[in-house]
Amino acid sequence: MAEGIRKRGEKYSFRINIKDPVTDKWKNIERGGFTTITEARQARAKLLAEYAESPSKVVVEDKKVTLTQVYNEFIEKYANFDREKSTIRRYDCLFRNHLQPQWGDAKIAKITANSISEYLFAMTATHSYAYIMSIHKFIKVLWGFAFEKQYMRENIFPKITTPKPDSSEGQIKIYTEEQLNEFEKRFESTHSITAFKIGRATGVRCGECYGLLWGDVDWENHTLSISRQMVWEDNMWTLRNTKTKAAIRTIDLQDSIYYYLKDLREKQLRQKEQLGPAYRVNRIAVDMGRDKPKVIRDDLELINIKSNGELLTPDSEKFLGRISRKELSVPFKYHNLRHTHASWLAEHNVPAIVTKKRLGHSKEETTLRYYQHITQGMRDDLLSKLNQSGE
């Protein structure tokens, strides 16, 4: 009888002895029901080849665990300890609106890559490519977690296919100098003009801008420190840590924004003195870190406030967007000021490492895309140099 093969009644079976890569323990696996020794030998050789390629496919058995059970375990035992609250809220939204209705009660090991791919492609009729890819990324997190927990023999995520982005989607939107001046002229009469000027001059994110305190300005060194952002969290406006560690940075201020802020500070102090008790005192939550209660503060001197001291928030962007759509030639989005500032730095040959630090990017490739985006100014400069060289 061939090695590892035996006859049981009228059929043949085989046995292999393999080591579990996770527990480091040896395990016997037996398969039967083969009509001939040759069939059993071929099946044994195939299983050994599968084990050599991917041990988990052979050692791990699919568990009867539903997608909902996997999600709840991931959130309760892991995400709550190593993910930001905003990230957990996004997970919850994606799961409730998409994954749970589709596969919530299904065993995760039985959900196929094809069914997920079909769902993602169907979403192109109603959702943006960026949103679809956010679901795709979330699926990667959940299926990776389930695979590590050995709830399934195979992680199907690499087999999932996604739609291609629309040619116009994901493009960097950059405002021209003329458009920026048009925005600034119209926004001058609004309370949000300061946020606009700061975004135009520094490229900060919207939440970072509205989270700025006067103590973040270093008048002596002409710099602005970014160390927090304003977000809507737990039904209140909250000052919390920045999006990433790389976002904590110090930005050099050019004279135009430096002296604008200097004048604004003096103006706000005068208004506070003139209004006296009528000057608005803002109560805002401050996140003190994971598993710590928020602290309500009423003594923080925010830069972005109304003339009566009332708090301004990132929601102001919606107001500016409505104005621009109704009255101006170009719709306004605050984050496009960031794109515009980054592209200006690239166009003026500022080293990528300097741009990366100024914008607070975590990944170098995020910065480099601005250098790959050829602006009209770059094309004109190239053409001028070619003409001068006679090429």
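Nothing here was measured: the structure is a model prediction, and the numbers come from that model. (Residues numbered from 1 in each chain as written. Predicted model: local features only at pLDDT ≥ 70, side-chain atom pairs only at ≥ 80, totals over all residues. Heavy atoms only, no water.)

The next thing to look at is the sheet that holds strand E5 (residues 223-226). The sheet built from 3 strands is open, its strands ordered E4-E5-E8 with antiparallel pairing. Since the sheet does not close on itself, it has two edges, and those belong to strand E4 (217-218) and strand E8 (249-252), each with one partner. Note that E4 and E5 share 2 bridges and pair antiparallel. When the sheet's bridge partners are listed, Val-217 is paired in E5 with Leu-224. (Pairing = 2+ DSSP bridges. Helix = DSSP H or I, 4+ residues; strand = E, 2+ residues; numbered from the N terminus.)

Following the criterion strictly, the structure yields 26 salt bridges and no others. Measuring nitrogen to oxygen at the nearest pair gives 2.7 Å for the salt bridge that ties Arg-200 to Glu-184. Here the residue Arg-200 occupies a position in helix H8 (residues 193-202), and Glu-184 occupies one in helix H7 (residues 177-187), the gap between them amounting to 16 residues. Glu-184 carries the same exposure label as Arg-200, and that label is buried. The salt bridge partner of Arg-205 is Glu-208, with a shortest N-O separation of 2.7 Å. Note on Arg-205: relative accessible area 14%, which makes it buried. Each of Glu-84, Lys-85, Arg-89, Glu-233, Asp-234, Arg-240, Asp-287 and Lys-294 takes part in salt bridges that share partners, so that together they form one network. (Salt bridge = Lys/Arg side-chain N within 4 Å of Asp/Glu carboxyl O. Buried < 20%, exposed > 50% of the residue type's maximum accessible area, 1.4 Å probe, protein only.)

Within a regular strand, side chains alternate between the sheet's two faces. In terms of burial, strand E7 (residues 236-240) is a largely internal element, 4 of the 5 residues being buried. Pairing of strand E6 (residues 229-233) with E7 involves 5 bridges; the strand directions are antiparallel. Looking at E7, one finds that Gln-229 is bridged to Arg-240. From the end of E6 to the start of E7, which pair antiparallel, there are 2 residues, and Asp-234 there has a positive phi angle of about 55°. For E7 and strand E9 (residues 284-286), the ladder comprises 2 bridges, and the chain directions are parallel. The residue bridging Leu-239 from the neighbouring strand is Val-286, located in E9.

Inspection of the secondary structure assignment puts Asp-216 in the loop between helix H9 (206-210) and E4. Here Asp-216 falls in the buried class, since its relative accessible area comes to 8%. Contacts of Asp-216, omitting those with residues within four sequence positions, involve Gly-211, Thr-223, Leu-224, Ser-225, Ser-227 and Arg-228. (Contact = heavy atoms within 4.5 Å.)

This part covers the packing of helix H4 (residues 85-103) against helix H6 (residues 129-148). Each pair of packed helices gets described by two things: the angle between the helix axes and the distance between those axes. Running from N to C, H4 and H6 point in directions that differ by 100°, and their axes come no closer than 11 Å. The angle between H4 and H6 falls in the class roughly perpendicular. Touching Tyr-91, Leu-94, Phe-95, His-98 and Leu-99 of H4 are Tyr-131, Ser-134, Ile-135, Phe-138, Ile-139, Val-141 and Leu-142, all from H6. Across the contact of H4 with H6, the residue classes tally to 10 nonpolar, 2 polar and no charged. (Axes fitted to C-alpha atoms, helices over the stretch in contact; angles between N-to-C directions. Parallel < 35°, antiparallel > 145°, perpendicular 65-115°, else oblique. Nonpolar A, V, L, I, M, F, W, Y, C, P; charged D, E, K, R; others polar.)

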